[in-house]
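Take a look at the letters that make up each chain.
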Amino acid sequence: MAEPVSRGTGLTGFVTREASEASAEPSAAERRQLDAAAGLLSGRRIALLTGAGLSTDSGIPDYRGPDAPPRNPMTYQQFVGDPVMRQRYWARNHVGWHHLRHAVPNAGHEAVVHLEERGLLTGVITQNVDRLHSDAGSIRVIDLHGRFDRVVCLSCGSVYTRVGLARLLERLNPGYLERVAAEGDIAPDADAEITDTEGFTVADCPVCEGMLKPDFVYFGENVPKERVRLAYAAVDDAGALLVAGSSLTVMSGLRFVRHASKEGKPVVIINRGQTRGDDLADLKIDVGVGTALQYLARNLPDPGPGSENHARDTD
C-alpha cells in the first residue's frame, strides 16, 4: 500500500480530526447487489463520479436525496446582477460556512483513497465542492464544480482562501454570527436559511475592489472546459464508470454516464433513490454510499497484468 498522503486544507482550512467511523455493514440482500457490482467492475480500472450523497455521513446535507428539503439555489445571473441578492447570499454563506467548516472525510472518502492507492481508479470526478476527497488523501481529483475553500475576484482574478475571507467578513460585520442563527437546513454550498441579511456588509476584493465570488460553478454557469476534458479523459482511460451518491439531475454529471454507456462501458450507480441515469446503468444499487464503497474497496481484486480498460463484452 502507498504511503499515507497528508491531508489538505479542503472545505474548512482546519482539518484536524480523523475520518468518521466505518459505515454499517451491508445486509445479505445488499451484499448480493454489491457482489454483482464487483463482478461487473472486476478486471477493469474504474472512473468514479461522486455527488452529495457521499458527504452526508460527514454532516453535509444532500441536495436532492429522499429526505432533502426543496431548494432554490441562486443563479450566477442573480449573484452578479443584483446587489441585494448578492448581499443575501454572502450573509447566508457566512453563517453556513461556520457551521460546515468542521466537516471531515467519512469512511466512504477513505474507501475511495484505498481504491486509488491500489491502482483501481483512473480518477475521481466529484460534483461536490467540499474538497473532502482531497482532505482524505485522494490525489487525482477533478473538482468538477469548483472548490468551496477558495474565493475569486471576478474583476482581477485574484484568488483568496475562504478562511481569510471569513476573518474579513467578521471584521466588517462584528457580532453578526452571534446575533443570527440558521433558521433551517444548510445546503451543501453553505447557503443557510436566514432572513436577517439587510444590514450585512459584503467584502470587496482587497486588490481592486472588484466583486468576490466563491470559486465554484453556480447554476447558469458552465463548467470550465479543462475540467470537462480531464473528466472525459478519466472515463476514456477506464473500463467502467462507477457513480456514487449522485442523482445525476444536472447535465454536468449525467454527460459522463451517457458517454460511458455510448462507449459500451459498464455503468454502476450507487444512490439512495432514483437518478436521471438509471436507464443507462447496467446495475443500479440502492445502498448507503459509504457502506457500498467500503465493501467494494475490500472485495474488488487488485488490478493485475490482465486488467484492461475495456468496454463491456458484446456478442
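No experiment lies behind these values; they were computed from the predicted model shown.

Caption draft 1: Here's a closer look at the pairing of strand β6 (residues 212-216). With 5 of its 5 residues buried, β6 lies for the most part within the structure. When strand β4 (residues 146-153) meets β6, the two strands line up antiparallel, connected through 4 bridges. Note on β6: the bridge partner recorded for G146 is F216.

Caption draft 2: Here's a closer look at the pairing of strand β7 (residues 240-244). By the criterion of burial, β7 is predominantly enclosed, with 5 of the 5 residues buried. Residues A240, L242 and A244 point to one face of β7 and L241 and V243 to the other, with burial holding for every one of them. With 4 bridges connecting them, β7 and strand β8 (residues 267-270) associate as parallel partners. Looking at the pairing, A244 lines up with I270 of β8.

Caption draft 3: Broad picture of unusual backbone geometry. Phi is positive for R131, close to 65 degrees, though the residue is something other than glycine. Here R131 is to be found in the loop between β2 (121-126) and α5 (132-136). Under the relative-accessibility criterion, R131 is labelled buried at 15%. Although it is not a glycine, E209 adopts a positive phi angle of roughly 65 degrees.

Caption draft 4: The arrangement of helix α10 (residues 289-299) in detail. Buried residues dominate α10, accounting for 9 of its 11 residues. Within α10, burial applies to V289, G290, T291, A292, L293, Q294, Y295, L296 and A297. Considering only its buried residues, α10 is in contact with α1 (28-41), α4 (107-117), β7 and β8.

Caption draft 5: Region of the structure containing the packing of aromatic side chains. With the rule as written, the count across this model stands at 9 aromatic pairs. An angle of 50 degrees between the planes, with centres 5.7 Å apart, marks the rings of Y89 and Y218 as tilted. Taken as a pair, Y89 in helix α3 (residues 83-100) and Y218 in the loop between β6 and α8 (225-237) lie far apart in primary sequence, 129 residues in all. Ring centres of F148 and F216 lie 6.3 Å apart, and the angle between their planes is 10 degrees; on these two criteria the pair is classed as stacked. Taken together, the residues F148 in strand β4 and F216 in strand β6 connect sequence positions 68 residues apart. Pair check on accessibility: F148 and F216 agree, each one buried. Through a chain of ring-to-ring contacts, the aromatic side chains of F79, Y89, W90, F148, F216 and Y218 assemble into a single cluster.

Caption draft 6: Main features of the sheet that holds β7. Overall, parallel pairing links the 6 strands, which are arranged β3-β2-β1-β7-β8-β9 in an open sheet. Looking along the sheet, the strands with just one partner apiece sit at the ends: β3 (141-143) and β9 (283-285). On average, adjacent strands in this sheet sit at an angle of 15 degrees to one another, irrespective of strand direction. Two elements, β2 and β3, share 3 bridges in a ladder whose sense is parallel. Residue I125 lies in a different strand from β3, and its bridge partner there is I142. Where α10 meets the sheet, it contacts β7 and β8, and its direction lies at approximately 145 degrees from that of β7.

Caption draft 7: Main features of the packing of α1 against α10. The contact between α1 and α10 brings their axes to 10 Å, and the two run at 50 degrees. When the interaxial angle is binned, α1 and α10 end up oblique. Along this stretch, α1 crosses α10, giving a crossing that reads as right-handed. Contacts between α1 and α10 pair R31, L34, D35, A37, A38 and L41 from the former with A292, Y295 and L296 from the latter. When the residues that make up the contact of α1 with α10 are grouped by side-chain class, the tally is 7 nonpolar, no polar and 2 charged.

Rules used throughout
Residues numbered from 1 in each chain as written. Predicted model: local features only at pLDDT ≥ 70, side-chain atom pairs only at ≥ 80, totals over all residues. Heavy atoms only, no water. Buried < 20%, exposed > 50% of the residue type's maximum accessible area, 1.4 Å probe, protein only. Helix = DSSP H or I, 4+ residues; strand = E, 2+ residues; numbered from the N terminus. Pairing = 2+ DSSP bridges. Contact = heavy atoms within 4.5 Å. Phe/Tyr/Trp six-rings, centres within 6.5 Å; stacked < 30°, edge-to-face > 60°. Axes fitted to C-alpha atoms, helices over the stretch in contact; angles between N-to-C directions. Parallel < 35°, antiparallel > 145°, perpendicular 65-115°, else oblique. Left-handed = near helix turned anticlockwise from the far one by under 90°. Nonpolar A, V, L, I, M, F, W, Y, C, P; charged D, E, K, R; others polar.

Everything listed here is a matter of coordinates, which is why it stays silent on function.
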